[in-house]
Amino acid sequence: VHADPHEGNIMLGDDGRLYFLDFGLMSEVRAEIMEAFAYGIQCVLNKDWRGLVTAFVQTGFVGTPIEYREDTTGEFGSGSPEAMAAELEERMESVPGGTSRFGALSTVLFDMGNQWRMYTPPYIILLIRTFLT
């Protein structure tokens, strides 16, 4: 994944192939992680919140088992994919334009992060940056 794809970092060779330059924001991501990330994007677009939770698990953004706590001072316990999906749906439906905006998803996840244990693998940051540039 090249997280800084602009005209100064990509060159078209005489042979018609693309050549990437400036590897400072580049990382290798396993194919199954990329597939799960793409699946997650499809789930957001289709409002498939249960599928999105599955994608979160497959990318390592959410662990197995899913962990949840009632309040921010409590210990994490077992959470369910169904409960997480229901909360995602409720929050995304309440954000203006939230069902079609990835920016709204980041806000929702930030808010949910106090009660649902989420992880941020390094490649996730690069993938997100790629979509934001």
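Our structure's up above, just so we're on the same page.
Predicted, not measured: the structure shown is a model, and the values here were computed from it.

The rules behind these values
Residues numbered from 1 in each chain as written. Predicted model: local features only at pLDDT ≥ 70, side-chain atom pairs only at ≥ 80, totals over all residues. Heavy atoms only, no water. Helix = DSSP H or I, 4+ residues; strand = E, 2+ residues; numbered from the N terminus. Buried < 20%, exposed > 50% of the residue type's maximum accessible area, 1.4 Å probe, protein only. Areas by Shrake-Rupley, 256 points an atom, 1.4 Å probe, with all protein chains shown as cover. Polar contact = N/O pair within 3.5 Å; in protein donor to acceptor, adjacent residues only side chain to side chain. Axes fitted to C-alpha atoms, helices over the stretch in contact; angles between N-to-C directions. Parallel < 35°, antiparallel > 145°, perpendicular 65-115°, else oblique. Left-handed = near helix turned anticlockwise from the far one by under 90°. Contact = heavy atoms within 4.5 Å. Nonpolar A, V, L, I, M, F, W, Y, C, P; charged D, E, K, R; others polar. Core = buried A, V, L, I, M, F, W, Y, C linked by side-chain atoms within 4.5 Å. Arc of directions from axis to C-beta. Phe/Tyr/Trp six-rings, centres within 6.5 Å; stacked < 30°, edge-to-face > 60°. Salt bridge = Lys/Arg side-chain N within 4 Å of Asp/Glu carboxyl O.

Some thoughts on the overall build of the protein
No. 1: When helices and strands are tallied, the protein shows five helices and four strands.
No. 2: Reading the protein from its N end, one meets helices and strands in the order β-β-α-α-β-β-α-α-α.
No. 3: Sorting the 133 residues of the protein into buried and exposed places 34% on the buried side.
No. 4: Of the accessible surface of the protein, which amounts to about 8200 Å², a share of 56% is contributed by carbon and sulfur atoms.

A short note on the side chain of Thr 59
No. 1: With respect to the helices and strands, the residue Thr 59 is situated in helix 2 (residues 49–59).
No. 2: There is a polar contact of 3.1 Å between the side chain of Thr 59 and the backbone oxygen of Phe 56.
No. 3: There is a polar contact of 3.5 Å between the side chain of Thr 59 and the backbone nitrogen of Phe 61.

Details of the packing of helix 2 against helix 3 (residues 81–94)
Axis angle and axis distance: for two packed helices, these are the angle between their axes and the distance between the axes, and together they describe the pair.
No. 1: Viewed as axis vectors pointing N to C, helix 2 and helix 3 meet at an angle of 120°, and their least axial separation amounts to 8 Å. Considering their axes alone, helix 2 and helix 3 lie oblique with respect to each other. At the point where helix 2 passes helix 3, the crossing takes the right-handed sense. Between helix 2, through Trp 49, Arg 50, Leu 52, Val 53 and Phe 56, and helix 3, the contact on the second element is made entirely by Pro 81, Glu 82, Met 84, Ala 85, Leu 88, Glu 89, Met 92 and Glu 93.
No. 2: Of the residues contributing to the contact of helix 2 with helix 3, the split by class is nine nonpolar, no polar and four charged.

Looking at the nonpolar core
No. 1: Counting residues in each nonpolar core, the largest one holds 20 residues, and the members touching the most others are Leu 52, Phe 56, Met 84, Leu 88 and Leu 105.
No. 2: Every element with two or more residues in this core is listed here: helix 1 (31–45), helix 2, helix 3 and helix 4 (102–112).
No. 3: Ignoring any residue separated from it by four or fewer positions in sequence, one finds Leu 105 in contact with Val 44, Leu 52, Leu 88 and Met 92.

Looking at helix 4
Residues that lie three or four places apart on an α-helix share one face, since the helix turns once every 3.6 residues.
No. 1: Of all the positions in helix 4, only Ala 104, Leu 105, Val 108, Leu 109 and Met 112 are classed as buried. Taken end-on, helix 4 shows its buried residues confined to a sector of 135°, consistent with a single buried face.
No. 2: Buried residues belonging to helix 4 abut helix 1, helix 2 and helix 3.

Re the packing of aromatic side chains
No. 1: Following the criterion strictly, the structure yields two aromatic pairs and no others.
No. 2: Between the aromatic rings of Tyr 68 and Trp 116, the centroid separation amounts to 4.5 Å while the plane-to-plane angle is 50°, which identifies the pairing as tilted. Here Tyr 68, found in strand 3 (residues 67–68), pairs with Trp 116, found in the loop between helix 4 and helix 5 (122–132); they are 48 residues apart in sequence, far enough to count as distant. The residues Tyr 68 and Trp 116 share a single accessibility class, namely buried.

Looking at unusual backbone geometry
No. 1: A cis amide bond links Thr 64 to the next residue, Pro 65, at an omega of 5°.
No. 2: Along the polypeptide, Pro 65 turns up in the loop between helix 2 and strand 3.

What about the pattern of salt bridges?
No. 1: Under the defined criterion, the tally for this structure stands at five salt bridges.
No. 2: Of the charged contacts, one joins Arg 50 and Glu 82 as a salt bridge, the two residues approaching to 3.7 Å between their closest N and O atoms. Of the two residues, Arg 50 sits in helix 2 while Glu 82 sits in helix 3, which places them 32 residues apart along the sequence.
No. 3: Residue classification places Arg 50 among the partly exposed positions, given a relative accessible area of 36%.
No. 4: A residue is classified by how much of its surface remains accessible, and Glu 82, at 49% relative accessible area, is partly exposed.

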